Amino acid sequence: MRKFTKGLLLTFIASAMSLGAYAQDGGGIKGYYRIINAGYQGQKWNKGVMYISQKTTAKPELSSDDAITEPGTVMFLNAIPMEEAPETTGKYEDVYPEKDLEVLNLRSQGVDASAAVYSPLVDLLKGGFTDGLKYANTKDNWKFKEAELNEIIEKMFSLMKMYMEPTDIDGKEAWYLKSTTPSTQPLVDALTEKGIEIQVDGNTPAEWAWNKLVFSALAYYESIGATQLYDTWWNYVAFEDRIHMGHTYYLIGGKVDTDLKTYQRFNDQGGPSIWFANNNKYYKIDGFMPEIEVANEAGNYAKWILEEIVEGTDVKGRHDYFAVKNGVEGFNDKKIYTTIYTDFPMKIVDNGDNTVRVWGFPNAPAILDGITVQDGPVAGYLEAVEIKDIVPARTPVVVECATTARETNLLQPTLTPLEDDPEAPLGKSFLSGIFFKEFFDVNGEEPTDEDVFNYYNMPLDPQATVVARKLVRVFNKVSAYDPNPIGFYKYNGKFIAPNKAFMILDSSMANANIFIVDSETFNALGIEEVATTSKENNTIYDIQGRVVTNPTKGLYIVNGKKMVIK
């Protein structure tokens, strides 16, 4: 089998990531779901929950039990009946206005394919059509300006559509997730407006335009000696009939081998994968049946089940909530603390005993007076403000849990997501957050202060900002920093974990090595007691826990209490 570059219509995948709870009015769907591949779900290991692991990668390899603590499995979906949607441009197989839903948003982890997040293959198509259009513009003397060419390409890809087709599994509701190819109608319209004749040669104008772009791209790559691009387009766009105007592509669990004509459940690395299958019923590949049929015959791997995430506190035997993973243990209270950053608003579930409390940090940090090393600040504090009821979308927070039992540590996705309501409130926060693991640029070597780190601006992302590694602080507990060991510390690791909050300091604070949460009591996030000496002996400690014999101006701890010398 010829290898394709890396993925395929993640317009699929990312779009499928914004599915949500059913909206009863009009037969549409809107809310939060987990999406489960029926083929994997039917296996004894009970996996199949789709989750976004990177910006262009989705996998169906989590079990329901594993999925409840992964934000990347929470999908916001907004799909409407086709009669409520604009008419689809172009002719496509297997799109049924009488029963299909058009997906307007399928989102998770900030990834939204329906809003133009493309997989590597779609990027390849977009690049090839751009090159082909520019080549045809010059060769055929169409006289489009560069801005006009770019506008045509953008319109072509903006008209890609994603649909949900209802089906069932043993009488249980399921769905096909499917996508159309880019539309060439914008090119046809632009040529018609300029009065340029279109030689359809028995095709529709849209089909003619598709063939024109494909062969213009091939001619361009041949002319510049781009062998790899030429071979890829020849094999996968022009003649192997994998990507063709008019085909509908189905999101499936696994992969279809077009040479062996078999369905494979795993990817090249041996793990569950998400791929696509065509339904080329009119264009056979060496007599091979439409691939969607192969995936279905292998065990419903083309069918997806929606598991609704609903608000509520009765979680016994259910997986439709988001549970907080364990974090660091508090100093005296033995509670658990961790940071969370998600792209969906979260409702704090009240179990009647303050099992979960959430803390935000709206203000910039302040340096502790009088605590310096080499005339530079070494410690400071952030003011912790408790958040009640709803944690706004894309707001990095610290979560306090009374126990390690995840069934008590619940934060449930709630409606009014950011992309559905542009006016939805975003929490003000000094902290930053990321959706995916980000590495320091260390070139395979140990990190140094000169290394840089890419992170996403708050609160709207997605523009990456490069900062010096020495300005990054991560949440942790360092017992040596009595009496308040929980805070944000200098980081010596190589990456920031996904869905976590961290801190970027101003360069004037580059020497600060700890920020203590809660400025008034120096209690870490509601901890009732500070660390004390074994008995009241009036020993004086600085804020780092070091014994001070001759204190000068500054803040100190005496018998577990704060004391300021002015």
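For the structure itself, consult the block above.
This one's a predicted model, so the numbers in the text were calculated from it and none came from an experiment.

Participant: Please clarify how the pattern of salt bridges should be interpreted in this entry.
Facilitator: Pairing is possible between side chains that carry opposite charge, provided their charged atoms lie close to one another. Evaluated as defined, the whole model comprises 13 salt bridges. Between K325 and E70 there is a salt bridge, and its shortest N-O distance comes to 3.1 Å. A residue pair is termed long-range when its members are at least 10 positions apart, and K325 in the loop between β13 (304-308) and β14 (328-329) and E70 in the loop between α3 (64-67) and β4 (75-81) qualify at 255 residues. The salt bridge partner of D100 is K178, with a shortest N-O separation of 2.9 Å. Of this pair, D100 sits in the loop between β4 and β5 (101-108) while K178 is found in strand β8 (residues 172-180), placing the two residues 78 residues apart along the sequence. In terms of burial, D100 and K178 fall into one category: buried. What emerges from the salt-bridge pattern is a single network uniting K99, D100, E165 and K178.

Participant: Sorry, what's going on with the nonpolar core here?
Facilitator: What tends to happen in soluble globular proteins is that the nonpolar side chains get buried as a cluster. The biggest cluster of nonpolar side chains holds 49 residues, and the ones touching the most others in it are F129, W233 and I252. Sorting the residues of this core by element identifies α4 (120-139), α5 (146-158), α6 (185-193), α7 (205-223), α8 (227-238), β9 (248-253), β12 (274-278) and α9 (291-297) as the ones contributing at least two each. Within the second largest apolar cluster, 24 residues are counted, among which are M50, V103, L251 and Y341.

Participant: What is the right way to read the side chain of N37 from this model?
Facilitator: Relative to the helices and strands, N37 is located in strand β1 (residues 29-37). Take N37: its relative accessible area is 0%, and that puts it in the buried class. At a separation of 3.3 Å, a polar atom in the side chain of N37 contacts the main-chain amide nitrogen of Y40. Beyond its immediate sequence surroundings of up to four residues, N37 is in contact with G48, P60, I252, G253, N300, Y301, K303 and W304.

Participant: Even after reading the chapter, I still don't get the sheet that holds strand β23 (residues 390-391), so can you show me in this structure?
Facilitator: In sheet architecture, strand pairing relies on hydrogen bonds along the backbone and comes in two forms, parallel and antiparallel. Across the sheet, three strands lie side by side as β23-β16-β25; this open sheet has antiparallel pairing. Edge positions in the sheet fall to β23 and β25 (411-413), since each of these pairs with one other strand and no more. Note that strand β16 (residues 346-348) and β23 share two bridges and pair antiparallel. Within β23, the residue paired with M346 across the bridge is V391.

Participant: Help me understand the packing of aromatic side chains, please; the structure alone is not making it clear to me.
Facilitator: Two aromatic rings, taken as a pair, are described by how far apart their centres are and by the angle between their planes. Taken as a whole and assessed by the stated rule, the structure comprises 20 aromatic pairs. Between F129 and W210, the aromatic rings sit 5.1 Å apart at their centres with planes inclined by 70 degrees, giving edge-to-face as the arrangement. Of this pair, F129 sits in helix α4 while W210 sits in helix α7; the two residues are 81 residues apart in sequence, bridging distant segments of the chain. Given a relative accessible area of 0%, F129 falls into the buried group. For the pair F439 and F495, a centre-to-centre distance of 5.3 Å together with 55 degrees between the ring planes defines the contact as tilted. Of this pair, F439 sits in strand β27 (residues 438-439) while F495 sits in strand β32 (residues 495-496), and the two are 56 residues apart along the sequence.

Rules used throughout
- Residues numbered from 1 in each chain as written.
- Predicted model: local features only at pLDDT ≥ 70, side-chain atom pairs only at ≥ 80, totals over all residues.
- Heavy atoms only, no water.
- Salt bridge = Lys/Arg side-chain N within 4 Å of Asp/Glu carboxyl O.
- Helix = DSSP H or I, 4+ residues; strand = E, 2+ residues; numbered from the N terminus.
- Buried < 20%, exposed > 50% of the residue type's maximum accessible area, 1.4 Å probe, protein only.
- Core = buried A, V, L, I, M, F, W, Y, C linked by side-chain atoms within 4.5 Å.
- Polar contact = N/O pair within 3.5 Å; in protein donor to acceptor, adjacent residues only side chain to side chain.
- Contact = heavy atoms within 4.5 Å.
- Pairing = 2+ DSSP bridges.
- Phe/Tyr/Trp six-rings, centres within 6.5 Å; stacked < 30°, edge-to-face > 60°.

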